[in-house]
Amino acid sequence: MSVLVLSEAQVASVTSTLSASLLTLMIGRTMHAITADAKLGPKETDVVPPIQNPLRIATESGAHKTLYMPSRLTTSQDISLTAVKIVSVPKPSTSIPGLPATTLLFDEQTGKCSAMVNAGELTGIRTAAGSALASQLLAKPDSTYLLCFGTGTQAYHHARLILELFPTIKEAAFVVRAVTHRGTALAHKIKEKFPLVDVSLNLVSDTRGLVKKADIICLCVPSTQPVFDAKDLKIGVHINAIGSYTPSMMEFSPSLISPSESDSIKIPTILVDSRNACLAEAGELIASGILPTSLLELGDVVDIAGARVPNFDEFGLRKEGRSLFKSVGIGGMDVAITSLVAQMATTMGIGTRVEF
């Protein structure tokens with residue numbers, strides 16, 4: 001049996017052809033399948049669970065914390081896929097840039113690896129697709145100002161997908177600790193793709209004024225403390241928070257969602273990719289003491305086709321005029337995007353086949 005190997009450049013060649021609409025529908029169908037399966041409750045012991053998303057496990061070395069995310073996904077077309085993604089997260093003391101990641105896709109009949117895919121780009125795309133879908137559902141359709149914290153792969157794909165879905169946006173601002181080559185390259189790339197959008201790099205000291213103007217905010221930094229003051233949020237803002245993924249990390253103040261807070265800026269019900277994963281891994285949610293009943297999964301609010309459910313407004317996700325989507329990433333998302341890219345690469349004749 002041969003294994004399809006896709007390098008970073010080859011993955012980029014494939015993903016550059018994927019539209020924001022296609023990606024949001026893909027992630028919507030995926031999240032619906034995962035949530036719908038969970039609602040069915042315990043399975044018979046002799047039945048193989050169609051959806052399996054164990055919590056990630058990790059190992060630690062001197063330079064990296066390596067995360068392992070196995071998953072099995074059965075689609076609405078009754079196609080089952082199994083994969084494991086491995087990501088090496090550099091420690092602050094590490095000078096080597098980047099976030100090395102690989103996804104292995106398996107043939108369920110033979111048990112053999114069918115594809116080995118560079119997942120650095122895919123992690124950014126699948127996460128951004130979830131945020132883009134949440135933005136479609138919750139952000140003002142006439143939004144004009146996008147604010148992103150960070151200049152990495154996640155920030156790029158969040159900006160790219162949201163700007164594609166919201167042609168009304170005229171300004172895209174990025175908050176950085178310092179203006180670097182990476183930040184400048186990101187701004188140039190976004191400007192080249194969206195020439196009518198005013199793109200800017202802004203220092204952390206400018207955060208307050210930027211937050212006050214933002215219609216959509218994307219938090220894409222692995223921070224251990226809030227990156228903005230919740231009091232600066234305007235009515236109608238939508239927030240996508242994806243940078244924190246451990247109990248010690250947070251990008252926004254827990255008070256923004258805490259059930260013990262009575263402040264008018266509090267967001268009482270939030271959207272998440274996975275209730276269990278976010279309650280176990282997201283520092284903001286853990287510190288806030290938010291109740292599981294105050295969390296709705298993305299799969300709860302889209303149908304089998306990945307589209308918004310008819311009774312969406314009844315969920316009250318914008319009851320106080322602001323909304324928030326929190327994502328820590330789950331394995332099913334990786335299975336879906338890796339399978340899609342592997343299929344498209346095969347069709348396009350991209351990649352290397354290795355006998356294994």
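Residues numbered from 1 in each chain as written. Predicted model: local features only at pLDDT ≥ 70, side-chain atom pairs only at ≥ 80, totals over all residues. Heavy atoms only, no water.

**Q** So what's going on with the sheet that holds strand β3 (residues 64-74)? Which residues, and what values?
**A** Judged by pairing direction, the sheet is mixed, and its 7 strands sit side by side in the order β2-β3-β4-β5-β6-β1-β15 without closing on themselves. Pairing within the sheet leaves two strands with one partner each, and these edge strands are β2 (57-60) and β15 (352-355). The mean inter-strand angle of the sheet, taken between neighbouring strand axes irrespective of direction, is 20°. Pairing analysis gives 4 bridges linking β2 to β3, with the strands arranged antiparallel. If you follow A58 over to β3, its bridge partner there is L67. (Pairing = 2+ DSSP bridges. Helix = DSSP H or I, 4+ residues; strand = E, 2+ residues; numbered from the N terminus. Axes fitted to C-alpha atoms, helices over the stretch in contact; angles between N-to-C directions.)

**Q** So what's going on with the packing of aromatic side chains? Residues and values would help.
**A** Counted according to the given criterion, the structure contains 1 aromatic pair. An angle of 40° between the planes, with centres 6.4 Å apart, marks the rings of F149 and F228 as tilted. Pair noted here: F149 is in strand β7 (residues 145-149) and F228 is in the loop between β10 (216-219) and β11 (238-241), with a separation of 79 residues, a long-range link. Each member of the pair, F149 as well as F228, carries the same accessibility label: buried. Its end group placed over the ring of Y156, K189 keeps NZ or CZ at 4.2 Å from the ring centre. (Phe/Tyr/Trp six-rings, centres within 6.5 Å; stacked < 30°, edge-to-face > 60°. Buried < 20%, exposed > 50% of the residue type's maximum accessible area, 1.4 Å probe, protein only. Lys NZ or Arg CZ within 6 Å of the ring centre and 35° of its normal.)

**Q** Which residues make up the nonpolar core, and what values do they have?
**A** Grouped together as the largest cluster of nonpolar side chains are 107 residues, with contacts concentrated most on L146, L147, I217 and L285. With 9 residues, helix α3 (residues 120-138) is the largest single contributor of residues to this core. Setting aside residues no more than four positions away along its own chain, L146 makes contact with A159, I162, L163, I169, E171, A172, A173, I216 and C218. (Core = buried A, V, L, I, M, F, W, Y, C linked by side-chain atoms within 4.5 Å. Contact = heavy atoms within 4.5 Å.)

**Q** Now, about the layout of surface pockets: what can you tell me, with residues and values included?
**A** Size it by volume and the second largest pocket reaches roughly 430 Å³. Looking at the second largest pocket, it is lined by 24 residues, and the ones nearest its centre are I34, A38, N53, S274 and N276. Counting residues per element, the ones that place at least two in the lining of the second largest pocket are α2 (20-39) and α7 (275-281). The greatest single-element share of the lining of the second largest pocket, amounting to 5 residues, is contributed by α2. Broken down by class, the residue content of the lining of the second largest pocket amounts to 8 nonpolar, 8 polar and 8 charged. (1 Å grid on protein atoms, 1.4 Å probe; cavity = no way out; pocket = protein on both sides within 12 Å on 5 of 7 lines; lining within 4 Å. Points joined across faces, edges and corners; volume = space filled by probe spheres on them. Nonpolar A, V, L, I, M, F, W, Y, C, P; charged D, E, K, R; others polar.)

**Q** I'd like to hear about the sheet that holds strand β8 (residues 171-176), residue by residue, with values.
**A** Pairing in this open sheet of 8 strands is parallel, and the strands run β9-β8-β7-β10-β11-β14-β12-β13 from one edge to the other. Looking at strand neighbours, the two that pair on one side only are β9 (198-203) and β13 (295-297), the edges of this open sheet. Neighbour to neighbour, the strand axes of the sheet diverge by 20° on average, direction disregarded. Of the pairings in the sheet, the one linking β7 to β10 comprises 4 bridges and is parallel in character. By the bridge assignment, F149 is partnered in β10 with L219. Of the strands in this sheet, β7, β8, β10 and β11 touch helix α4 (residues 153-165), which is tilted by about 165° from β7.

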